[in-house]
Amino acid sequence: MIGIPIVFGRWMPKDYVPVVFDQDNFHRKFNKDQDMVVLNDKPWNAEAQAHILDDKVTPASSMFVRNNGLVPNQIDPTKWTLTIDGESAVSTKSYSLEDLKRFPKYTYQLTLECGGNGRNEFDPPAKGNQWSIGAVSSANWTGVRLRDLLEDIGVKDDAVYVGYYGKDMHLSGSPNKNPISRGVPITKAMMEETLIAYEMNGEDIPIIHGYPLRLVAGGWPASASGKWLHRLSIRNKVHDGEKMEGQSYRIPCDPVAPGEKVEDDNMCIIESMPVKSLITYPKSGALLGSKKSLDIRGHVWAGELDVKEVHYSIDFGMSWQKCRLEPPANRLAWQHWYASVSFPEKGYYEVWARATDIKGNMQPMIVPGWNPKGYLNNACHRIAVKVG
């Protein structure tokens, strides 16, 4: 396989030509890194490459974009409100942004990953944006705890779910259709780190990431973290908004054969994301010359769990060496790992990374069990290195 490049950690044929959208417009309009790759422009969807995710805290310029509808325009933050209602709400109440900022303020670093990150490796192929490895981020989010708002209005004993509604417009332009309306179970809503955020990395949230208000539920698929938030509904059942039913953000409740048809009733909602790793330095394709050692680093995360250990391999998984691992900045933040690699001789190598969470769940070396929508690919990340 020498001479065939690894693109985003996946082997690609020599004649592979990606679809190219108006990258310059995207980068300029949303102040994004030039190495961000646009997958779709109606709506905007774009991912990072591993090497631009090297920062411990993800900057806005490198944060992936996953949209289902059109970005709202003519936002006036002075008139923006968040309304909380629903069958299981004791009362209904609306809050201005200033109202929300009077509540205690919290900041957490929270990892968000698209449920379809890694979709492009599934076989048979799964429909949807063909994410590789860059639909993940871990930024600092600031706002009010959702729990504090729910306690402010009162929650009935029969509460099951909290559904969100954003101001993004359906692709059809219809004001009567929601492009997406998902949410989280009441237990997740009540967790310490689940925020109604109005800042990201100490500044206003960028428009493409949900300005002026966003739900942030770290460790779960990013679709649970609604952008341009203007309404929350406390439900006495699992929320039935757009992309909550059918097969959206669901996987088979039991393992299935590749390509097998699965009925909707046998699909389960994705909650905590699986353990995963990323090599952010060096960039894949590194050339070492006569040097035979290399410092490597990256990030690991495991949904609601911490990562216990990380290993690397340079012999296609036949042997593994332990990496140095830092604790997370807080629960639901990703963790950083480091190692120094010595190569025995000149030639071509792949460096693989593998993480294990605190419950002993370990990344697979290959794409895990197939599912119709191509979710939850947490196979080991790998980069190409040539020595000599």
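Our structure is the block above this text.
Residues numbered from 1 in each chain as written. Predicted model: local features only at pLDDT ≥ 70, side-chain atom pairs only at ≥ 80, totals over all residues. Heavy atoms only, no water.

As enumerated under the stated definition, the model contains one disulfide in all. Note that Cys253 is cross-linked by a disulfide to Cys268, the S-S spacing being 2.0 Å. Its torsion about the S-S bond being 105°, the disulfide of Cys253 and Cys268 is classed as right-handed. Separated by 15 residues along the polypeptide, Cys253 in the loop between strand S16 (250–252) and strand S17 (267–269) and Cys268 in strand S17 bring together distant segments of the chain. Look at Cys268 and you get partly exposed, because its relative accessible area is 33%. Cysteine Cys114 remains unbridged, with the sulfur of Cys268 as its closest cysteine sulfur at 19 Å. With no disulfide of its own, Cys380 lies closest to Cys323 among cysteine sulfurs, the gap being 11 Å. With a relative accessible area of 4%, Cys380 lands in the buried category. (Disulfide = S-S within 2.5 Å. Helix = DSSP H or I, 4+ residues; strand = E, 2+ residues; numbered from the N terminus. Buried < 20%, exposed > 50% of the residue type's maximum accessible area, 1.4 Å probe, protein only.)

Moving on, we come to the sheet that holds strand S26 (residues 381–387). Taken in spatial order, the five strands make up an open sheet running S19-S26-S25-S21-S22, and their pairing is mixed. The open sheet is flanked by strand S19 (286–287) and strand S22 (321–322), the only strands paired with a single partner. With seven bridges joining them, strand S25 (residues 347–357) and S26 adopt antiparallel strand pairing. Within S26, the position partnered with Tyr349 by the bridge is Val385. (Pairing = 2+ DSSP bridges.)

Turning our eyes to something else, we now look at the packing of aromatic side chains. As enumerated under the stated definition, the model contains 10 aromatic pairs in all. Between Tyr249 and Tyr375, the ring centres sit 5.5 Å apart and the planes meet at 20°, which makes this aromatic pair stacked. One end of the pair, Tyr249, is in the loop between strand S15 (229–235) and S16; the other, Tyr375, is in the loop between S25 and S26, with 126 residues separating them in the sequence. Exposure class is identical for Tyr249 and Tyr375. Each is buried. Among the aromatic residues, ring-to-ring pairing joins Phe26, Phe30 and Trp44 into one connected group. Over the face of the ring belonging to Tyr281 we find Arg297, whose NZ or CZ atom lies 4.4 Å from the ring centre. (Phe/Tyr/Trp six-rings, centres within 6.5 Å; stacked < 30°, edge-to-face > 60°. Lys NZ or Arg CZ within 6 Å of the ring centre and 35° of its normal.)

Once that is clear, we can look at the pattern of salt bridges. Considering all chains together, one arrives at 17 salt bridges under this definition. Residues Glu193 and Arg331 are paired through a salt bridge, measuring 3.1 Å at the closest nitrogen-oxygen approach. Pair noted here: Glu193 is in the loop between helix H4 (186–189) and strand S12 (195–200) and Arg331 is in the loop between strand S23 (324–325) and strand S24 (335–342), with a separation of 138 residues, a long-range link. Judged by its relative accessible area of 9%, Glu193 falls in the buried class. The class for Arg331 is partly exposed, based on a relative accessible area of 32%. It is possible to trace a salt-bridge network through shared partners that takes in Glu87, Arg235, Lys237 and Asp240. (Salt bridge = Lys/Arg side-chain N within 4 Å of Asp/Glu carboxyl O.)

Bringing the sheet that holds S15 into the picture now. Strand order in the open sheet formed by five strands is S7-S6-S15-S10-S11, and the pairing between neighbours is mixed. Unpaired on one side and paired on the other, strand S7 (93–96) and strand S11 (183–185) mark the two borders of the sheet. Averaged over all neighbouring strand pairs, the angle between strand axes comes to 15°, with direction disregarded. Here three bridges tie strand S6 (residues 81–85) to S15, and the two strands are oriented parallel to one another. If you follow Asp85 over to S15, its bridge partner there is Ser233. (Axes fitted to C-alpha atoms, helices over the stretch in contact; angles between N-to-C directions.)

This part covers helix H1 (residues 23–30). Within H1, burial applies to Gln23, Phe26, His27 and Phe30. Taken around the axis of H1, the buried residues stretch over an arc of 95°, which confines them to a single face. Exposed side of H1, more than 90 degrees from the buried face: Asp24, Arg28 and Lys29 are the residues found there. Those residues of H1 that are buried are in contact with strand S3 (37–41), strand S4 (44–47) and strand S5 (65–66). (Arc of directions from axis to C-beta. Contact = heavy atoms within 4.5 Å.)

Let us now look at the side chain of Arg182. Within the secondary structure, Arg182 is located in the loop between strand S10 (161–166) and S11. Nearest to the buried, unbridged Arg182 among oppositely charged side chains is Glu271, at 8.6 Å. Among the polar contacts made by the side chain of Arg182, one reaches the side chain of Ser223 at a distance of 3.1 Å. There is a polar contact of 2.8 Å between the side chain of Arg182 and the backbone oxygen of Lys243. (Lys, Arg positive; Asp, Glu negative; His and termini not counted. Polar contact = N/O pair within 3.5 Å; in protein donor to acceptor, adjacent residues only side chain to side chain.)

This part covers unusual backbone geometry. Cis peptide bonds are those with omega within 30 degrees of zero, and the linkage from Lys42 to Pro43 qualifies with 5°. Within the element layout of this structure, Pro43 appears in the loop between S3 and S4. In this structure, Pro124 follows Asp123 across a cis peptide bond, with omega equal to 5°. Positioned with a positive phi, Lys243 is a non-glycine residue whose angle comes to about 70°. Mapped onto the elements of the fold, Lys243 is located in the loop between S15 and S16. A positive phi angle, close to 80°, is found at Leu332, a residue other than glycine. Among the structural elements, Leu332 can be located in the loop between S23 and S24. With a relative accessible area of 4%, Leu332 lands in the buried category.

None of this, on its own, says anything about what the molecule does.
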